[in-house]
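Understanding the architecture of this molecule
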Amino acid sequence: MKQLLTVPNFTYEQGDPFGGDQRCERPIRVEYYNGSICLDQGENGCISILPEHFEPLFKLIRKHKPEAEQRLNR
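Residues numbered from 1 in each chain as written. Predicted model: local features only at pLDDT ≥ 70, side-chain atom pairs only at ≥ 80, totals over all residues. Heavy atoms only, no water.

As for the overall build of the protein
The condition that has to hold: Counting from the N terminus, the helices are DSSP H or I runs at least four residues long and the strands are E runs at least two residues long. Partly exposed describes any residue whose relative accessible area lies between the buried limit of under 20% and the exposed limit of over 50%, with all areas from a 1.4 Å probe on protein chains only and scaled to the type maximum. Any two residues having at least one pair of non-hydrogen atoms within 4.5 Å are treated as being in contact. Shrake-Rupley sampling with a 1.4 Å probe provides the accessible areas, and residues are treated as covered by the protein chains on show and by no other component.
Of the regular secondary structure elements, the protein holds 1 helix and 4 strands. Starting at the N terminus and ending at the C terminus, the protein contains elements arranged as β-β-β-β-α. The 74 residues of the protein split such that 8% are buried. Within the protein, counting contacts between residues at least 6 apart in sequence, those at least 24 apart form 7% of the total. Carbon and sulfur atoms make up 55% of the accessible area of the protein, which amounts to about 6,900 Å² in all.

Next comes the structure, spelled out in structure tokens:
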């Protein structure tokens, strides 16, 4: 019988809802697979991303954030 393997992972907490943090979101579970990484936030599903796409993705997120916030604050 094959041994069950545990996927290497950690949980990234985004604030403490019980500590009065108004800006908290659900924790993100980060799981490592064969060359890709899965970001899982429970019922929202899992996003698999290759590590070489982290920087380009987050660079675009940071680039568009001011405009997005401006639109949301109208």
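Re the sheet that holds strand β1 (residues 9–14)
The following threshold applies: We call two strands paired when DSSP finds no fewer than two bridges between them. For helices, the axis comes from a line fit to the C-alpha atoms of the stretch in contact; other axes are also lines fit to C-alpha atoms, and the angle between any two N-to-C directions lies between 0 and 180 degrees.
If you trace the 4 strands from one edge of the open sheet to the other, you get β1-β2-β3-β4, paired in antiparallel fashion. Unpaired on one side and paired on the other, β1 and β4 (46–49) mark the two borders of the sheet. When the angles between neighbouring strand axes are averaged without regard to direction, this sheet yields 20°. Where β1 lies against strand β2 (residues 25–32), 5 bridges are found, and the strand directions are antiparallel. Opposite Gln-14, over in β2, you have Glu-25 as the bridge partner.

Description of the packing of aromatic side chains
To keep it simple, the criterion reads: Centres within 6.5 Å make a pair out of two Phe, Tyr or Trp rings, where for Trp the six-membered ring is used; the pair is then stacked when the planes are under 30 degrees apart, edge-to-face when over 60, and tilted otherwise.
Overall, the coordinates contain 1 aromatic pair when judged by the stated rule. For the ring pair Phe-10 and Tyr-32, a centre distance of 6.4 Å and an interplane angle of 40° mean the geometry is tilted. Of the two residues, Phe-10 is situated in strand β1 and Tyr-32 in strand β2; the sequence distance between them amounts to 22 residues.

Considerations on the side chain of Ser-36
Relative to the helices and strands, Ser-36 resides in the loop between β2 and β3 (37–40). If sequence neighbours within four positions are ignored, Ser-36 has contacts with Glu-31, Ile-49, Leu-50 and Pro-51.

With respect to the state of the cysteines
Spelled out, the test is: Pairs of cysteine sulfur atoms within 2.5 Å are identified as disulfides in what follows.
Overall, the coordinates contain 1 disulfide when judged by the stated rule. For Cys-38, the disulfide goes to Cys-46, at an S-S distance of 1.5 Å. A residue is classified by how much of its surface remains accessible, and Cys-38, at 3% relative accessible area, is buried. A relative accessible area of 41% means that Cys-46 is categorised as partly exposed.

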